[in-house]
Amino acid sequence: MSQLDSMDKLVSLTKRRGYVFQSSEIYGGTGSVWDYGPLGIELKRNIKEAWWSAMVHQRDDVEGIEAAILMHPRVWEASGHVDGFTDPLVECKVCKKRFRADELEGARCGRKPSKAPGAFKACELGEPRLFNLMFKTFMGPVEEAAATVYLRPETAQGSYVNFLNVQTTARQKVPFGVAQIGKAFRNEITPGNFIFRTREFEQAEMQFFVTPGTDEEWFEHWRDARMDFHTGTLGIRAESLRFSEHGPDELAHYAKRAVDIQYEFPIGWKELEGIHNRTDFDLDRHQQYSGKKMRYVEPGGGGRYIPYVVETAAGVDRMLLMVLSDAYYEQDMGRDRRTVLGIHPRLAPVKAAIFPLVRKDGLPEIATRLHDAFKAAAVPSFYDAAGSIGRRYRRQDEAGTPWCVTVDGRTNEDGTVTVRDRDTLEQVRVNADGVIDYLRERLAR
Ligand code: ATP
């Protein structure tokens with residue numbers, strides 16, 4: 001468990017350091033939509049690149065695609081989303097506050113002192129209604145029912161409808177997978193908890209097509225591979241992650257088996273990623289609704305069949321929230337405390353901060369030249385000459401920068417700089433000319 005005991009601390013730190021801002025803040029904000037600032041977007045890109053590398057580049061049997069957000073409306077009939085992608089909504093007739101009927105337990109009324117929904121005498125909860133979570137819009141100039149299209153609530157369907165396009169053009173044989181990273185939209189009734197549940201979010205999903213009968217084996221493979229990714233590649237503490245198997249009554253209509261990977265967020269153990277055995281449900285439905293064959297034909301005129309699908313479905317924003325939560329700690333330093341984001345150096349937005357110790361004796365010029373060398377080598381770095389060295393260190397600790405490189409009086413004498421490690425606070429002298437290689441070697445560990 002990380003040291004982060006409340007989400008509020010993370011909300012204020014990430015705003016202060018330019019990770020996450022409320023969307024349209026100057027207008028009072030938009031409900032459960034967030035913007036990523038300069039450091040947030042770098043962290044997000046690094047997480048996505050790590051996922052893409054593990055899922056696509058480091059394998060022969062997964063191809064990447066990018067399907068459009070807008071799809072033919074029949075896709076969402078075939079997938080079951082038009083009829084079934086609903087949450088039961090109850091509204092208080094007095095306060096007009098809405099709740100998920102299946103989550104009333106634990107929910108609190110908006111009135112003060114806050115009670116359970118409907119607990120005040122004056123309040124009255126209506127009957128539950130089913131509320132579809134898909135955002136609708138219109139295609140073309142006329143706003144009529146026939147022109148209704150949806151903002152996709154998941155990326156998976158774009159991979160199913162392209163199954164044969166990818167298989168034939170990439171000359172893949174079953175088993176193989178299709179991976180996507182992209183935006184998804186859900187008009188959640190009770191969003192919140194910062195970027196944990198939002199109405200616009202990003203997914204990193206992979207659909208793995210297999211011969212029926214081999215699905216259970218592949219399910220285990222992907223379940224383990226995904227856990228290894230979080231602990232190994234993202235560097236998350238293993239004790240803060242666990243599997244949670246769906247019981248028979250929790251399984252989605254399309255699923256034969258489902259396991260969630262949960263992380264212990266400051267709000268408790270919550271789903272980070274789902275691994276699902278979706279059987280041949282989706283391809284079969286698209287075959288029925290489109291009238292096009294969705295069958296795989298084995299090479300050499302072998303069998304023809306609709307493959308089964310094992311899906312891995314993770315939220316990028318949730319992975320980012322996990323990385324930040326896991327990295328956060330506060331440390332007593334004697335006279336003061338420091339707050340640190342101990343993000344794995346591979347994922348850290350900025351790898352090194354470069355400081356001249358004082359603004360004289362030619363130190364800013366040397367530090368600027370060093371900063372130029374970092375830019376030329378495409379190692380993200382940040383130049384800072386403002387304030388005491390102690391304050392500059394604290395700012396970088398909070399921003400999650402793994403190393404601070406200080407140019408000082410000795411640099412003029414022997415060409416060395418100080419490299420300070422964020423986590424161990426150890427300081428070593430390194431030749432200024434070799435400092436990029438020194439950090440690169442550590443980044444590769
Ligand atoms: P939940 O039960 O939490 O609504 P789900 O089981 O419907 O989620 P999936 O459809 O399996 O979620 O989506 C895959 C992943 O996408 C989730 O594990 C989560 O990381 C992410 N995700 C889903 N909905 C949201 C959301 N509203 N905001 C942020 N991430 C989300």
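Preceding this paragraph is the structure being described.
Cut-offs applied
- Residues numbered from 1 in each chain as written.
- Predicted model: local features only at pLDDT ≥ 70, side-chain atom pairs only at ≥ 80, totals over all residues.
- Heavy atoms only, no water.
- Helix = DSSP H or I, 4+ residues; strand = E, 2+ residues; numbered from the N terminus.
- Buried < 20%, exposed > 50% of the residue type's maximum accessible area, 1.4 Å probe, protein only.
- Contact = heavy atoms within 4.5 Å.
- Areas by Shrake-Rupley, 256 points an atom, 1.4 Å probe, with all protein chains shown as cover.
- Lys, Arg positive; Asp, Glu negative; His and termini not counted.
- Charge placed at Lys NZ, Arg CZ, Asp CG, Glu CD.
- Pairing = 2+ DSSP bridges.
- Axes fitted to C-alpha atoms, helices over the stretch in contact; angles between N-to-C directions.
- Parallel < 35°, antiparallel > 145°, perpendicular 65-115°, else oblique.
- Left-handed = near helix turned anticlockwise from the far one by under 90°.
- Core = buried A, V, L, I, M, F, W, Y, C linked by side-chain atoms within 4.5 Å.
- Near = heavy atom within 4 Å.
- Polar contact = N/O pair within 3.5 Å; in protein donor to acceptor, adjacent residues only side chain to side chain.
- Nonpolar A, V, L, I, M, F, W, Y, C, P; charged D, E, K, R; others polar.

The helix and strand tally for the protein chain stands at 13 helices and 23 strands. Dimensions of the protein chain along its principal axes, counting C-alpha atoms only, are 75 × 75 × 50 Å. Across the 445 residues in the protein chain, those meeting the buried criterion constitute 48%. In the protein chain, once contacts between residues fewer than 6 apart in sequence are set aside, the share between residues at least 24 apart is 64%. Carbon and sulfur atoms make up 49% of the accessible area of the protein chain, which amounts to about 21,200 Å² in all. Each charge class in the protein chain can be summarised by its mean position, and for the 62 positive and 65 negative side chains these summaries are 4 Å apart.

This part covers the sheet that holds strand S12 (residues 257-265). Strand order in the open sheet formed by seven strands is S3-S9-S10-S16-S13-S12-S11, with mixed pairing between adjacent strands. A strand with exactly one partner marks an edge of an open sheet, and here the two such strands are strand S3 (62-64) and strand S11 (241-245). Averaged over neighbouring strand pairs, the angle between their axes works out to 25 degrees when direction is ignored. In this structure, strand S10 (residues 200-210) lies alongside strand S16 (residues 308-315), joined through eight bridges in antiparallel fashion. Directly across from Phe208, in S16, lies its bridge partner Val310. Along the sheet, helix H7 (residues 215-233) makes contact with S3, S10, S11, S12, strand S13 (268-279) and S16, crossing S12 at roughly 10 degrees.

A separate point is the packing of helix H2 (residues 38-57) against H7. To describe two helices that pack against each other, one gives the angle between their axes and the distance between the axes. Running from N to C, H2 and H7 point in directions that differ by 140 degrees, and their axes come no closer than 12 Å. As far as their axial angle goes, H7 and H2 are oblique. The crossing of H2 and H7 is right-handed. Of the residues in H7, those touching H2 at Ala50, Trp51, Ala54 and Met55 are Trp222, Arg226, Phe229 and Thr233.

A few words now on the nonpolar core. Counting 56 residues, the largest nonpolar core has Leu43, Trp51, Leu234, Met319 and Ile343 as its most contacted members. Here the element with the most residues in this core is helix H9 (residues 316-327); it accounts for eight residues. The residues contacting Leu234, other than those within four sequence positions of it, are Ala50, Phe229, Met319, Met322, Val323, His344 and Leu347. Grouped together as the second largest cluster of nonpolar side chains are 19 residues, Ile354, Leu370, Phe374 and Val405 included.

Close to the ligand lie 15 residues, the nearest being Arg186, Glu188, Arg197, Thr198 and Glu271. Within the backbone of Thr198, one N or O atom sits 2.8 Å away from a nitrogen atom of the ligand. Considering the ligand on its own, with 600 Å² of exposed area, one finds that the protein chains cover 84% of that surface. Within the residue set of the shell around the ligand, elements represented by two or more residues are S10, S13 and S16. Class assignment for the residues of the shell around the ligand results in five nonpolar, four polar and six charged.

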